[in-house]
Amino acid sequence: MFDRALLTPLRASGAWQRLERDLAAGRLPAAALEMPDGLKGLFLWALHAHLGRPVLAVVSGDVQAARLAEDTALISGLPVRVFASRPLTLGQATAASRDLIGRRIATLGAAMMGEAAVTVASVDALLPPLPPADIFRASCVTLEVGQRQSMEDLLSRLSWSGYVREVRVEGPGQFAVRGGIVDVYPVTDEDAVRVEFF
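What you see is a predicted model, and the numbers here were worked out from it, not measured in a lab.

Scoring rules and cut-offs
Residues numbered from 1 in each chain as written. Predicted model: local features only at pLDDT ≥ 70, side-chain atom pairs only at ≥ 80, totals over all residues. Heavy atoms only, no water. Pairing = 2+ DSSP bridges. Helix = DSSP H or I, 4+ residues; strand = E, 2+ residues; numbered from the N terminus. Axes fitted to C-alpha atoms, helices over the stretch in contact; angles between N-to-C directions. Contact = heavy atoms within 4.5 Å. Buried < 20%, exposed > 50% of the residue type's maximum accessible area, 1.4 Å probe, protein only. Lys, Arg positive; Asp, Glu negative; His and termini not counted. Salt bridge = Lys/Arg side-chain N within 4 Å of Asp/Glu carboxyl O. Polar contact = N/O pair within 3.5 Å; in protein donor to acceptor, adjacent residues only side chain to side chain. Expected span 1.5 Å × (residues − 1).

Q: Is there a simple way to explain the sheet that holds strand β1 (residues 55-59) in this structure?
A: The strands that make up a sheet pair up through hydrogen bonds in the backbone, lying either parallel or antiparallel. Strand order in the open sheet made by the three strands is β1-β3-β2, with parallel pairing throughout. Two strands bound the open sheet, and with one partner strand each, they are β1 and β2 (80-83). Adjacent strand axes in the sheet meet at a mean angle of 20 degrees when their direction is disregarded. As paired elements, β2 and strand β3 (residues 118-122) share four bridges and run parallel to each other. Residue pairing for β3: Arg81 is matched across the bridge by Thr119. The strands that helix α3 (residues 37-51) touches are β1 and β3; relative to β1, the one it contacts most, it runs at about 150 degrees. Seen against the sheet, helix α4 (residues 62-76) touches β1, β2 and β3 and runs at an angle of roughly 165 degrees to β3.

Here's what the structure looks like:
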């Protein structure tokens, strides 16, 4: 992580001054189009520090998004997420896995929970419609050790959230029931979890 003193000359730049005026006037989304690539990570760090809230940066493509996210995280030490784009062709869509869907959901969840200081997305990633925040929030299922939860309610919420009931859980987005045991493979995790009802 670099010294915060680096932010002072950046804030004196014309690009920063224009962005600050747009933000103060409520002109959103605000753009900083003339920023050199090498300074964009520093710029996002300064913007997050200035606003004191999460920032969404939109770039032209997925490669640029990954590079900017990496640069921003390296420079700032902030938690930075990439909102991955969905496949655009039928062949790509067939090859796309639940891993991609899981990464998109995890990024949306992190942004909603304030866990991502900066989220970087390509234009293509933002083109498909996203669910309204209240519907997305309602579809998130969170379980904690010792929590009281009816099995029927859990199964109903999993189905409503798009999980598929299977005989045996083998991949993300699936759940299985055996007696008082529910196995769930979250789309946002690398491993399945077991919930026991007794």
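Q: Quick question: what am I supposed to make of the side chain of Arg104 here?
A: The residue Arg104 is located in helix α6 (residues 98-112) in this model. Although Arg104 is buried, it makes no salt bridge; Asp62 carries the closest opposite charge, 7.6 Å away. In terms of polar contacts, Arg104 uses its side chain to reach the backbone carbonyl oxygen of Ala84, at 2.5 Å. In contact with Arg104, not counting residues within four places along its chain, are Phe83, Ala84, Ser85, Arg86, Ala125 and Leu130.

Q: Is there a simple way to think about α3 in this case?
A: Side chains that are three or four residues apart share a direction in an α-helix, a result of its 3.6 residues per turn. Over its 15 residues, α3 extends 21 Å from the first C-alpha to the last, a length consistent with the 21 Å expected when each residue adds 1.5 Å. Of all the positions in α3, only Gly41, Leu42, Phe43, Leu44, Trp45, Ala46, Leu47 and His48 are classed as buried. Of the surrounding secondary structure, the elements contacted by the buried residues of α3 are α1 (7-11), α2 (14-24), β1, α4 and β3.

Q: Even after reading the chapter, I still don't get the side chain of Ser122, so can you show me in this structure?
A: Considering the arrangement of structural elements, one finds Ser122 in strand β3. Not counting residues up to four positions away in its chain, the partners in contact with Ser122 are Val58, Val59, Ser60, Gly61, Asp62, Ala65, Phe83 and Ser85.

Q: Sorry if this is basic, but what is going on with the pattern of salt bridges here?
A: Charged atoms that come close allow side chains of opposite charge to pair. Under the criterion given, the structure shown has five salt bridges. A salt bridge links Lys40 to Asp37; its shortest N-O distance comes to 2.9 Å. Note that Lys40 and Asp37 are positioned in helix α3 at a spacing of three residues, about one turn of the helix. Overall, the relative accessible area of 24% leaves Lys40 in the partly exposed class. When the shortest N-O distance is used, the salt bridge between Glu170 and Arg168 registers 3.0 Å. The same class applies to Glu170 and to Arg168, which are both exposed. Linked through salt bridges whose partners overlap, the residues forming this network are Arg178, Asp183 and Arg194.

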